[in-house]
Amino acid sequence: MNHYPLPDKVLKWRNEIDLSPIQIKKITEASAYLRRRRLQIGGSIIDTEKMLDSMFRYNKVQDGNLIFYATGYGSYRGELRNALLQACLSTQKLLSQQQLKKYESLQKRN
């Protein structure tokens, strides 16, 4: 997606891509960052979904709270997308052009 390498997939193919120990360490850190952010933001998304569901289930929807929770949901989705792309961008910066080409070819096979 967007031709940016996902940290977990790069680590999966560490041998094929010929990652150095330093690259493995830094890409593992990017992967851990993404995992943490997914859990944090995912929890907020779930809580917001529950609140929206509850408002509709109990017929307690008002324009103000609907706007608040719906825009909050969109903001969380944006944060999640940003976390994903930040992790991919930091991973891309760690790879050489040759490693990126190898990653792309491995992606096409799977």
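See the structure shown above.
The present account deals with the structure reproduced in this document. These figures come from a predicted structure and were not determined experimentally. (Residues numbered from 1 in each chain as written. Predicted model: local features only at pLDDT ≥ 70, side-chain atom pairs only at ≥ 80, totals over all residues. Heavy atoms only, no water.)

**Points about the nonpolar core**
Soluble, globular proteins show a tendency: their nonpolar side chains are buried together. Note the following rule: Here, nonpolar core refers to any group of buried Ala, Val, Leu, Ile, Met, Phe, Trp, Tyr and Cys residues whose side-chain atoms link them within 4.5 Å. Burial classification: accessible surface area is computed with a 1.4 Å probe over protein chains only, and a residue below 20% of its type maximum counts as buried, one above 50% as exposed, and the rest as partly exposed. For the purposes of this entry, the term helix denotes a DSSP run of H or I that reaches at least four residues, the term strand denotes a run of E that reaches at least two, and both are numbered from the N terminus. Contacts are assigned to residue pairs with any non-hydrogen atoms lying within 4.5 Å of each other.
If you look at the biggest cluster of nonpolar residues, it comprises 10 residues: Val10, Leu11, Trp13, Ile17, Leu19, Ile27, Leu95, Leu100, Tyr103 and Leu106. The biggest single contributor to this core is helix α5 (residues 97–109), with three residues. In contact with leucine 100, other than residues within four places in its own chain, are Pro5, Gln92 and Leu95. Formed by five residues, the second largest nonpolar core is a distinct cluster that contains Leu34, Ala83, Leu84 and Ala87.

**Notes on the packing of helix α3 (residues 21–57) against helix α4 (residues 63–94)**
Put simply, the test is: For helices, the fitted axis covers only the stretch in contact; all axes are lines through C-alpha atoms, and the angles between them, taken along N-to-C directions, range from 0 to 180 degrees. These descriptions rest on fixed angle ranges, namely under 35 degrees for roughly parallel, over 145 for roughly antiparallel, 65 to 115 for roughly perpendicular, and the rest for oblique. Each residue gets one of three labels, nonpolar for Ala, Val, Leu, Ile, Met, Phe, Trp, Tyr, Cys and Pro, charged for Asp, Glu, Lys and Arg, and polar for the others, Gly among them.
In contact at an axis separation of 9 Å, α3 and α4 are set at 170° when each is read in the N-to-C sense. Comparing their axes, α4 and α3 come out roughly antiparallel. For the contact of α3 with α4, a count of residues per class yields 20 nonpolar, seven polar and six charged.

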